[in-house]
Amino acid sequence: MRIATWNVNSLKVRLPRVEEWLALRGPDVLLMQETKLADEAAPLLPLRMAGYDLAHHGEGRWNGVAIASRVGIEDVSLGFDGEGPAADGARFIAATCGGVRVISVYAPNGRALGTPFYAAKLDWYERLAAWLSGHADPRADLVLGGDLNVAPEDADVYDPRVYIGTTHTSGPERAAFRELLDWGLVDAYRRHHPESGRFTWWDYRAGNFHKGLGMRIDHLLVTRSLAERSTGAEIDRDARKGKLPSDHAPLWLDIERDGEGPA
DNA sequence: ATGGTCGCGCAGCGA
(Lines give C-alpha, C1' and ligand atoms only; values in the text may rest on other atoms or scores of the structure.)
Protein backbone atom coordinates (compact mmCIF):
# COMPACT_ATOMS: atom_id res chain seq x y z
CA MET A 1 0.00 0.00 0.00
CA ARG A 2 1.36 3.39 -0.99
CA ILE A 3 0.26 6.43 1.01
CA ALA A 4 1.28 9.94 -0.05
CA THR A 5 0.84 13.50 1.14
CA TRP A 6 1.09 16.71 -0.86
CA ASN A 7 0.39 20.33 -0.10
CA VAL A 8 -0.91 21.21 -3.56
CA ASN A 9 -1.32 24.99 -2.99
CA SER A 10 -4.67 25.23 -4.84
CA LEU A 11 -6.18 22.02 -6.17
CA LYS A 12 -7.87 24.10 -8.87
CA VAL A 13 -4.57 25.27 -10.33
CA ARG A 14 -2.75 22.03 -9.52
CA LEU A 15 -5.32 19.51 -10.78
CA PRO A 16 -3.40 18.68 -13.98
CA ARG A 17 -0.21 18.15 -11.98
CA VAL A 18 -2.07 16.02 -9.43
CA GLU A 19 -3.66 13.86 -12.15
CA GLU A 20 -0.27 13.43 -13.80
CA TRP A 21 1.37 12.51 -10.51
CA LEU A 22 -1.32 9.99 -9.53
CA ALA A 23 -0.81 8.23 -12.86
CA LEU A 24 2.98 8.34 -12.47
CA ARG A 25 3.37 7.16 -8.88
CA GLY A 26 0.08 5.36 -8.32
CA PRO A 27 -0.47 6.00 -4.63
CA ASP A 28 -3.41 4.12 -3.11
CA VAL A 29 -4.14 7.12 -0.92
CA LEU A 30 -3.17 10.77 -1.41
CA LEU A 31 -3.58 13.25 1.43
CA MET A 32 -3.80 16.82 0.18
CA GLN A 33 -3.59 20.21 1.85
CA GLU A 34 -4.27 23.80 0.84
CA THR A 35 -6.85 22.84 -1.75
CA LYS A 36 -8.24 26.39 -1.40
CA LEU A 37 -11.64 25.19 -2.57
CA ALA A 38 -15.17 25.10 -1.25
CA ASP A 39 -16.59 21.57 -1.08
CA GLU A 40 -18.93 22.33 -4.03
CA ALA A 41 -15.89 23.11 -6.18
CA ALA A 42 -13.95 19.94 -5.31
CA PRO A 43 -12.98 18.07 -8.53
CA LEU A 44 -14.83 14.83 -7.75
CA LEU A 45 -15.38 13.80 -11.38
CA PRO A 46 -11.81 14.29 -12.67
CA LEU A 47 -10.48 12.26 -9.77
CA ARG A 48 -13.17 9.63 -10.27
CA MET A 49 -11.98 9.36 -13.88
CA ALA A 50 -8.49 8.77 -12.53
CA GLY A 51 -9.82 5.97 -10.31
CA TYR A 52 -9.95 7.83 -7.01
CA ASP A 53 -12.73 8.73 -4.59
CA LEU A 54 -12.33 12.13 -2.99
CA ALA A 55 -13.31 13.34 0.47
CA HIS A 56 -12.90 17.10 0.76
CA HIS A 57 -13.16 19.56 3.62
CA GLY A 58 -12.83 23.15 2.49
CA GLU A 59 -13.96 26.66 3.14
CA GLY A 60 -12.85 28.19 -0.17
CA ARG A 61 -10.07 30.74 -0.54
CA TRP A 62 -7.82 29.41 2.24
CA ASN A 63 -6.78 26.10 3.74
CA GLY A 64 -8.78 23.05 2.72
CA VAL A 65 -7.78 19.40 3.16
CA ALA A 66 -8.70 16.29 1.22
CA ILE A 67 -8.15 12.57 0.88
CA ALA A 68 -8.12 10.79 -2.48
CA SER A 69 -8.29 7.00 -2.34
CA ARG A 70 -8.50 4.14 -4.81
CA VAL A 71 -8.93 1.55 -2.04
CA GLY A 72 -12.24 2.87 -0.69
CA ILE A 73 -13.06 5.75 1.60
CA GLU A 74 -15.29 5.34 4.64
CA ASP A 75 -16.15 6.97 7.95
CA VAL A 76 -15.09 10.46 6.87
CA SER A 77 -14.87 13.00 9.68
CA LEU A 78 -14.33 16.72 9.26
CA GLY A 79 -12.59 18.78 11.91
CA PHE A 80 -11.70 17.81 15.44
CA ASP A 81 -14.52 15.86 17.08
CA GLY A 82 -16.76 18.00 19.23
CA GLU A 83 -15.73 21.24 17.55
CA GLY A 84 -17.60 20.84 14.29
CA PRO A 85 -16.15 21.36 10.83
CA ALA A 86 -16.32 25.16 10.97
CA ALA A 87 -14.08 25.46 14.04
CA ASP A 88 -10.98 23.81 12.61
CA GLY A 89 -10.48 26.19 9.68
CA ALA A 90 -10.66 23.25 7.24
CA ARG A 91 -7.39 21.82 8.53
CA PHE A 92 -8.38 18.28 9.50
CA ILE A 93 -10.04 15.42 7.67
CA ALA A 94 -9.96 11.75 8.60
CA ALA A 95 -11.17 8.66 6.76
CA THR A 96 -10.66 4.92 6.61
CA CYS A 97 -9.05 3.74 3.38
CA GLY A 98 -8.23 0.09 2.73
CA GLY A 99 -8.54 -0.68 6.43
CA VAL A 100 -6.19 2.09 7.55
CA ARG A 101 -7.33 5.19 9.39
CA VAL A 102 -5.73 8.15 7.59
CA ILE A 103 -5.75 11.81 8.59
CA SER A 104 -4.84 14.76 6.38
CA VAL A 105 -3.88 17.88 8.31
CA TYR A 106 -2.75 21.38 7.50
CA ALA A 107 -1.16 22.95 10.57
CA PRO A 108 -1.36 26.74 10.95
CA ASN A 109 1.74 28.54 9.71
CA GLY A 110 2.20 30.66 12.82
CA ARG A 111 3.64 33.62 10.89
CA ALA A 112 5.97 34.99 13.61
CA LEU A 113 6.96 34.15 17.17
CA GLY A 114 4.97 35.96 19.83
CA THR A 115 2.00 36.73 17.60
CA PRO A 116 -1.58 35.51 18.12
CA PHE A 117 -1.08 33.38 15.00
CA TYR A 118 1.83 31.60 16.65
CA ALA A 119 -0.24 31.01 19.80
CA ALA A 120 -3.04 29.65 17.61
CA LYS A 121 -0.60 27.23 16.00
CA LEU A 122 0.44 25.82 19.36
CA ASP A 123 -3.20 25.66 20.43
CA TRP A 124 -4.06 23.74 17.25
CA TYR A 125 -1.31 21.23 18.07
CA GLU A 126 -2.76 20.80 21.57
CA ARG A 127 -6.18 20.07 20.07
CA LEU A 128 -4.63 17.62 17.62
CA ALA A 129 -2.89 15.79 20.47
CA ALA A 130 -6.13 15.77 22.46
CA TRP A 131 -7.99 14.35 19.46
CA LEU A 132 -5.46 11.54 19.17
CA SER A 133 -5.71 10.73 22.86
CA GLY A 134 -9.49 10.71 22.75
CA HIS A 135 -10.25 9.17 19.36
CA ALA A 136 -7.33 7.04 18.22
CA ASP A 137 -5.35 4.04 19.40
CA PRO A 138 -1.55 3.99 19.06
CA ARG A 139 -1.71 0.18 18.72
CA ALA A 140 -3.92 0.40 15.61
CA ASP A 141 -2.89 1.15 12.02
CA LEU A 142 -3.03 4.93 11.67
CA VAL A 143 -1.42 7.52 9.39
CA LEU A 144 -1.30 11.19 10.32
CA GLY A 145 0.05 13.06 7.34
CA GLY A 146 0.19 16.52 5.94
CA ASP A 147 1.78 19.91 6.10
CA LEU A 148 2.68 20.12 9.76
CA ASN A 149 4.57 23.39 9.32
CA VAL A 150 7.32 22.21 11.67
CA ALA A 151 10.87 21.17 10.79
CA PRO A 152 11.44 18.75 13.67
CA GLU A 153 15.26 18.75 13.71
CA ASP A 154 18.07 21.02 12.55
CA ALA A 155 18.78 18.43 9.83
CA ASP A 156 15.39 19.36 8.35
CA VAL A 157 16.42 22.90 7.33
CA TYR A 158 19.19 24.03 5.01
CA ASP A 159 20.75 26.27 7.66
CA PRO A 160 19.43 26.27 11.24
CA ARG A 161 21.00 29.68 11.90
CA VAL A 162 18.68 31.29 9.34
CA TYR A 163 15.65 30.16 11.33
CA ILE A 164 16.68 31.38 14.77
CA GLY A 165 13.87 33.56 16.03
CA THR A 166 11.42 32.40 13.37
CA THR A 167 8.62 29.86 13.22
CA HIS A 168 8.86 26.21 12.14
CA THR A 169 11.95 25.43 14.23
CA SER A 170 11.18 27.02 17.61
CA GLY A 171 11.35 24.98 20.82
CA PRO A 172 7.60 25.01 21.53
CA GLU A 173 6.74 23.97 17.96
CA ARG A 174 9.25 21.13 18.04
CA ALA A 175 7.96 20.08 21.46
CA ALA A 176 4.42 19.99 20.06
CA PHE A 177 5.65 17.82 17.19
CA ARG A 178 7.52 15.52 19.57
CA GLU A 179 4.33 15.07 21.57
CA LEU A 180 2.85 13.33 18.54
CA LEU A 181 5.83 10.96 18.49
CA ASP A 182 5.55 10.41 22.24
CA TRP A 183 1.91 9.42 21.76
CA GLY A 184 3.06 6.60 19.50
CA LEU A 185 3.72 7.94 16.02
CA VAL A 186 6.89 7.37 14.00
CA ASP A 187 8.36 9.83 11.46
CA ALA A 188 8.18 7.39 8.55
CA TYR A 189 10.47 9.30 6.21
CA ARG A 190 13.23 9.56 8.85
CA ARG A 191 13.01 5.83 9.50
CA HIS A 192 14.24 5.26 5.93
CA HIS A 193 16.36 8.40 5.46
CA PRO A 194 18.61 9.52 8.32
CA GLU A 195 20.50 11.99 6.11
CA SER A 196 20.12 15.75 6.41
CA GLY A 197 19.12 18.13 3.67
CA ARG A 198 15.99 16.35 2.44
CA PHE A 199 13.23 18.91 2.02
CA THR A 200 9.55 19.01 1.07
CA TRP A 201 9.09 22.78 0.72
CA TRP A 202 11.05 25.53 -1.00
CA ASP A 203 10.03 29.19 -1.18
CA TYR A 204 8.91 30.19 -4.68
CA ARG A 205 11.05 33.29 -4.40
CA ALA A 206 14.68 33.93 -5.23
CA GLY A 207 15.25 30.58 -6.92
CA ASN A 208 15.35 28.84 -3.56
CA PHE A 209 14.41 25.45 -5.03
CA HIS A 210 17.33 25.47 -7.43
CA LYS A 211 19.66 26.64 -4.66
CA GLY A 212 18.54 23.81 -2.40
CA LEU A 213 17.18 26.19 0.24
CA GLY A 214 14.25 24.33 1.74
CA MET A 215 12.70 22.73 4.79
CA ARG A 216 11.18 19.34 5.62
CA ILE A 217 7.80 20.35 6.98
CA ASP A 218 5.49 17.78 5.34
CA HIS A 219 5.35 14.49 7.15
CA LEU A 220 3.84 11.02 7.27
CA LEU A 221 3.58 9.98 10.89
CA VAL A 222 2.51 6.39 11.40
CA THR A 223 1.80 4.09 14.31
CA ARG A 224 4.39 1.41 15.10
CA SER A 225 2.42 -1.40 13.48
CA LEU A 226 2.70 0.45 10.16
CA ALA A 227 6.27 1.63 10.73
CA GLU A 228 7.35 -1.99 11.17
CA ARG A 229 5.74 -2.89 7.83
CA SER A 230 7.04 0.14 5.93
CA THR A 231 9.42 -0.73 3.10
CA GLY A 232 10.42 2.70 1.83
CA ALA A 233 9.67 6.40 1.74
CA GLU A 234 10.55 9.06 -0.82
CA ILE A 235 10.17 12.77 -1.45
CA ASP A 236 9.42 13.40 -5.13
CA ARG A 237 11.54 16.47 -5.91
CA ASP A 238 10.69 16.10 -9.60
CA ALA A 239 7.13 17.17 -8.84
CA ARG A 240 8.50 20.53 -7.62
CA LYS A 241 10.00 21.16 -11.07
CA GLY A 242 8.46 22.12 -14.39
CA LYS A 243 5.34 24.06 -15.23
CA LEU A 244 3.12 25.47 -12.47
CA PRO A 245 4.52 23.47 -9.53
CA SER A 246 3.27 23.66 -5.97
CA ASP A 247 5.88 25.07 -3.60
CA HIS A 248 5.72 21.68 -1.82
CA ALA A 249 6.87 18.30 -3.13
CA PRO A 250 4.82 15.17 -2.49
CA LEU A 251 6.07 12.53 -0.08
CA TRP A 252 5.10 8.87 -0.11
CA LEU A 253 5.43 5.78 2.04
CA ASP A 254 5.15 2.13 1.02
CA ILE A 255 3.68 -0.36 3.48
CA GLU A 256 3.44 -4.13 3.26
CA ARG A 257 -0.05 -5.50 3.62
CA ASP A 258 -0.82 -6.99 7.00
CA GLY A 259 -0.12 -10.71 7.05
CA GLU A 260 1.48 -12.41 4.05
CA GLY A 261 4.60 -10.59 2.87
CA PRO A 262 4.88 -7.64 0.49
CA ALA A 263 1.84 -6.29 -1.30
C1' DA B 1 18.70 45.59 -5.87
C1' DT B 2 16.60 46.08 1.72
C1' DG B 3 13.37 42.59 -3.04
C1' DG B 4 12.74 38.20 -4.84
C1' DT B 5 6.85 34.37 -6.23
C1' DC B 6 2.81 32.42 -6.07
C1' DG B 7 -2.71 32.05 -5.34
C1' DC B 8 -6.74 34.44 -4.46
C1' DG B 9 -9.34 37.76 -6.70
C1' DC B 10 -9.00 42.48 -8.23
C1' DA B 11 -6.18 45.33 -3.44
C1' DG B 12 -3.36 43.62 -0.86
C1' DC B 13 -2.88 39.75 2.17
C1' DG B 14 -1.10 35.12 3.40
C1' DA B 15 2.43 31.69 2.75
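Residues numbered from 1 in each chain as written. Chains lettered and ligands numbered in written order. Predicted model: local features only at pLDDT ≥ 70, side-chain atom pairs only at ≥ 80, totals over all residues. Heavy atoms only, no water.

Re the overall build of chain A
Move 1: Scanning chain A from terminus to terminus reveals seven helices and 14 strands.
Move 2: Here the C-alpha radius of gyration of chain A, 17 Å, is about what a compact globule of 263 residues would show, namely 18 Å.
Move 3: C-alpha extents for chain A along the principal axes are approximately 45 × 40 × 40 Å.
Move 4: For chain A, the residues scored as buried account for 56% of the 263 residues in total.
Move 5: Looking at chain A alone, contacts between residues at least 24 apart form 69% of all its contacts between residues at least 6 apart.
Move 6: Per element, the accessible surface of chain A, about 11,400 Å² overall, is 52% carbon and sulfur.
Move 7: Each charge class in chain A was averaged separately, 31 positive and 38 negative side chains, and the resulting centres sit 7 Å apart. (Helix = DSSP H or I, 4+ residues; strand = E, 2+ residues; numbered from the N terminus. Rg over C-alpha atoms; globule rule 2.2 N^0.38 Å. Buried < 20%, exposed > 50% of the residue type's maximum accessible area, 1.4 Å probe, protein only. Contact = heavy atoms within 4.5 Å. Areas by Shrake-Rupley, 256 points an atom, 1.4 Å probe, with all protein chains shown as cover. Lys, Arg positive; Asp, Glu negative; His and termini not counted. Charge placed at Lys NZ, Arg CZ, Asp CG, Glu CD.)

Quick look at the sheet that holds strand β13 (residues 230-235)
Picture the strands of a sheet paired through backbone hydrogen bonds; they go either parallel or antiparallel.
Move 1: Strand order in the open sheet formed by six strands is β3-β4-β2-β1-β14-β13, and the pairing between neighbours is mixed. Since the sheet does not close on itself, it has two edges, and those belong to β3 (53-57) and β13, each with one partner. Across the sheet, the mean angle from the axis of one strand to that of its neighbour is 15°, orientation sign disregarded.
Move 2: In this structure, β13 lies alongside strand β14 (residues 251-255), joined through five bridges in antiparallel fashion. (Pairing = 2+ DSSP bridges. Axes fitted to C-alpha atoms, helices over the stretch in contact; angles between N-to-C directions.)

Some words on the environment of G146
Move 1: In this structure, G146 sits in strand β8 (residues 142-147).
Move 2: A residue is classified by how much of its surface remains accessible, and G146, at 0% relative accessible area, is buried.
Move 3: When the C-alpha positions of G146 and M49 are compared, they lie 24 Å apart, and in sequence the two are 97 residues distant.
Move 4: Those residues within four positions of G146 in sequence are excluded, and the remaining contacts are T5, Q33, V105, I217, D218 and H219.

Structural notes on the protein's contact with DNA strand B
Move 1: Surveying the vicinity of DNA strand B reveals the residues N9, S10, V13, R14, K36, R61, Y106, N109, R111, Y204, R205 and A206.
Move 2: Sugar and phosphate atoms represent 76% of those atoms of DNA strand B found within 4 Å of the protein.
Move 3: One of the side-chain N or O atoms of R14 is found 3.2 Å from a phosphate oxygen in DNA strand B.
Move 4: R111 is positioned such that a nitrogen or oxygen atom in its side chain is 2.9 Å from a phosphate oxygen of DNA strand B.
Move 5: Split into classes, the residues belonging to the surface near DNA strand B amount to four nonpolar, three polar and five charged. (Near = heavy atom within 4 Å. Polar contact = N/O pair within 3.5 Å; in protein donor to acceptor, adjacent residues only side chain to side chain. Nonpolar A, V, L, I, M, F, W, Y, C, P; charged D, E, K, R; others polar.)

Concerning the packing of helix α3 (residues 116-135) against helix α4 (residues 171-183)
Move 1: Following both chains from N to C, one finds α3 and α4 inclined at 5°, their axes separated by 10 Å at the closest point. One finds that α3 runs roughly parallel with respect to α4. For the pair formed by α3 and α4, the contact residues are Y118, K121, L122, Y125, L128, A129, L132 and S133 on the first element and P172, E173, A176, F177, E179, L180 and W183 on the second.
Move 2: Residue classes in the contact of α3 with α4 are distributed as eleven nonpolar, one polar and three charged. (Parallel < 35°, antiparallel > 145°, perpendicular 65-115°, else oblique.)

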